[in-house]
Amino acid sequence: MPRGDGRLSHDLDPQRPGPQDACGVFGVWAPGEEVANLTYFGLYALQHRGQEAAGIAVSDGSGVVVYKDLGLVAQVFDEPTLASLRGHVAIGHARYSTTGGSTWENAQPTIRATSAGTTIALAHNGNLVNTAELQREAAARGMDSDGSTNDTSLVTMLLASRPDLSVEAAALEVLPQLRGAFSFVFMDESTLYAARDPHGVRPLVLGRLERGWVVASETAALDIVGASVVREVEPGELIAIDEDGLRSTRFAAPEPKGCLFEYVYIARPDATIAGRNVHSARVQIGRQLAREHPVEADLVIPVPESGTPAAIGYAEESGITYGQGLMKNPYVGRTFIQPSQTLRQLGIRLKLNPLRENVRGKRLVVVDDSIVRGNTQRAIVRMLREAGALEVHVRISSPPVSWPCFYGIDFATRAELLANGLDNEGIRRSIGADTLGYVSLAGLIAATEQPKTRLCRACFDGEYPIELPAGHLIGKHVLEGVGRRVAAEATAELSDNFSSARLEARPDLKPSAATHQP
């Protein structure tokens, strides 16, 4: 059964969510260390990137074991479980689904045995856009589905379908075939691998332990395990770490297009991306917002927590007092029950409540990170007016979100995006604010201190840096229903190009030993 994730979400209705996070990945190679424990703490630091499922794969050199389940990191793992996961190399994953539904089968890391006796486990942050094409190749190679419907399992299968090659050599053959966003950590019995797509859409950083190496989605995960930051994994780079040290190979020429929305919402404020501290960038966005959209007001308040740094910046630049006007319930997470009409009417009150003494009789500037459907902002404006606010001026620390993301963030469809169908005045009326101001795209980019050419801005301007396939060959459920039928129909066409020999599972690696299923 799905469980509440314990994390504050702005939306009560699980069928109408706001922007959902990317996944978090972590890998460690450290003989003599408790690598499962290090991975647990690393995933704990990355919990904000995914709350649907968590998993850890570990190896002591003789075999790879995966333990995974639905739920938060702290729900999935306890001390006895971690104590049983012994070895010198491990990878971990905190999942939010962007391809494939939220099921146990789609939890990561994925695992696959090859006929050559090697076992591969893999964890993925991002989203591939040629998933249907990859499924055709996997089917043509005779690879059996393991019941999952995500792109990560396909990549694992393709790596395992080359038993005549080492895992490293197989990766150098498979990685150039992938299109889309991917930051991978993967492993076999003795080696930790990391790879980042040629555009570097999702972050991935390399760290150093006293007796080993760490790879993680964000620098905050390195901090929590006591690792020093070495550098980012470069776009188009494959790293391998084993007893011989660290090796780096380029599998594609780099064309950097880091995700701009990481600076707005996804990454932790204490993370550093491309040399820029995220909190500092968000404060600067708030300052820019104040310059672009000034207003006479008495108090600047954030929508906690993602609006806080920008609200601080807005207050500093405008000279308007910064304060708290909304309190969150930190114990309310995403609800998996279907809300009744009564709960729908309560709406955001379940998770946010106004500080009436602070907002009564005040002209407020309310700073939030983004508007997707407008449900959250509409409810907040109404609550603040009912609490006695004289005016409510909404300021957004990103430009209008007008286009869906296909590279690892699960936005609404374009038809559901409020900014797709309304202009600024229409959105203002829709949410009931006195005024509405978005930071400009140029202002947001300037705050990141990155050149425009090195950033993916697709959700704001519709310019997708990685070509998208047509129609039904893309989407969260591409491998379910239509996508599965399309792939099946194409298998015969491709079978002449690939060996269709079915790989035999390792007799010494039973499913119950490789995975845990509740």
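Look above for the structure.
Quick summary incoming for the structure in this document. As the structure is a computational prediction, the values presented were derived from the model and not from experiment.

## Observations concerning the overall build of the protein chain
For the protein chain, the count of helices and strands is 19 helices and 23 strands. Counting over 518 residues, the protein chain shows a buried share of 59%. A separation threshold of at least 6 residues defines the contact pool for the protein chain, and within that pool the share at least 24 residues apart is 72%. Total accessible area computed for the protein chain in this model is approximately 19,700 Å², and 50% of it derives from carbon and sulfur atoms.

## What about helix H5 (residues 151-160)?
Across the ten residues of H5, ten count as buried, placing the element largely inside the fold. Turning to H5, the residues buried within the fold contact strand E5 (110-113), strand E6 (119-128), helix H4 (131-140), helix H6 (167-174) and strand E7 (180-187).

## Overview of the pattern of salt bridges
According to the stated counting rule, one finds 24 salt bridges in the structure shown. Note that glutamate 218 and arginine 49 form a salt bridge whose closest N and O atoms lie 2.6 Å from each other. One end of the pair, glutamate 218, is in the loop between strand E10 (212-216) and helix H7 (219-224); the other, arginine 49, is in the loop between helix H1 (35-45) and strand E2 (53-59), and 169 residues separate them in sequence. With a shortest N-O distance of 3.1 Å, aspartate 242 and arginine 247 are connected by a salt bridge. According to the relative accessible area criterion, aspartate 242 is buried, its value standing at 12%. Taking the relative accessible area as the measure of exposure, arginine 247 reaches 28% and is therefore partly exposed. The structure contains a network of salt bridges with shared partners spanning Arg49, Arg202, Glu218 and Glu262.

## A closer look at the nonpolar core
Proteins that are soluble and globular tend to have nonpolar side chains buried together. Judged by nonpolar contacts, the single largest core of 44 residues is most densely connected at Phe261, Val300, Tyr314, Val367 and Tyr407. Taken together, the elements giving at least two residues each to this core come down to helix H8 (261-266), helix H9 (278-292), helix H10 (308-318), strand E20 (363-368), helix H16 (441-448), strand E23 (455-456) and helix H17 (458-461).

## What about the sheet that holds E20?
Pairing is parallel in the open sheet, where four strands are placed in the order E17-E20-E21-E22. Only two strands of the sheet have a single partner each, and these edge strands are strand E17 (299-302) and strand E22 (435-438). Along the sheet, successive strands turn relative to each other by an average axial angle of 20 degrees, direction set aside. Summarising the sheet, E20 and strand E21 (residues 391-396) pair through six bridges and their orientation is parallel.

## With respect to the packing of H9 against H10
When two helices pack together, their arrangement is given by the angle between their axes and by how far apart the axes lie. In the contact formed by H9 and H10, the axes pass within 6 Å of each other and the chain directions differ by 45 degrees. By the angle between their directions, the pair H9 and H10 is classed as oblique. The hand of the H9/H10 crossing is right-handed. Note on element contacts: H10 touches H9 through Pro309, Ala310, Gly313, Tyr314, Glu316, Glu317 and Ser318, opposite His279, Arg282, Val283, Gly286, Arg287, Leu289, Ala290 and Arg291. The residue inventory of the contact of H9 with H10, partitioned by class, reads six nonpolar, four polar and five charged.

## Things to note about the sheet that holds E7
Taken in spatial order, the six strands make up an open sheet running E5-E6-E7-E8-E12-E13, and their pairing is antiparallel. What marks the edges here is a single partner per strand, and that holds for E5 and strand E13 (245-250). Going from strand to strand, the sheet's axes swing by 20 degrees on average, the running direction of each strand aside. The pairing of strand E8 (residues 192-196) with strand E12 (residues 237-242) spans four bridges and is classified as antiparallel. Opposite alanine 194, over in E12, you have isoleucine 239 as the bridge partner. Contacts from H5 reach E5, E6 and E7, with the element oriented near 140 degrees to E6.

## Points about the pairing of strand E9 (residues 205-209)
Along E9, four of the five residues are buried, which leaves the element largely enclosed by surrounding structure. The sheet contact formed by E9 and strand E11 (residues 228-232) spans four bridges and is antiparallel. If you follow glycine 207 over to E11, its bridge partner there is valine 229. With five bridges joining them, E9 and E10 adopt antiparallel strand pairing. Of the residues in E10, the one forming a bridge with valine 205 is alanine 216. Between E9 and E10, which pair antiparallel and follow one another directly, the connecting turn spans two residues.

Conventions used here
Residues numbered from 1 in each chain as written. Predicted model: local features only at pLDDT ≥ 70, side-chain atom pairs only at ≥ 80, totals over all residues. Heavy atoms only, no water. Helix = DSSP H or I, 4+ residues; strand = E, 2+ residues; numbered from the N terminus. Buried < 20%, exposed > 50% of the residue type's maximum accessible area, 1.4 Å probe, protein only. Contact = heavy atoms within 4.5 Å. Areas by Shrake-Rupley, 256 points an atom, 1.4 Å probe, with all protein chains shown as cover. Salt bridge = Lys/Arg side-chain N within 4 Å of Asp/Glu carboxyl O. Core = buried A, V, L, I, M, F, W, Y, C linked by side-chain atoms within 4.5 Å. Pairing = 2+ DSSP bridges. Axes fitted to C-alpha atoms, helices over the stretch in contact; angles between N-to-C directions. Parallel < 35°, antiparallel > 145°, perpendicular 65-115°, else oblique. Left-handed = near helix turned anticlockwise from the far one by under 90°. Nonpolar A, V, L, I, M, F, W, Y, C, P; charged D, E, K, R; others polar.

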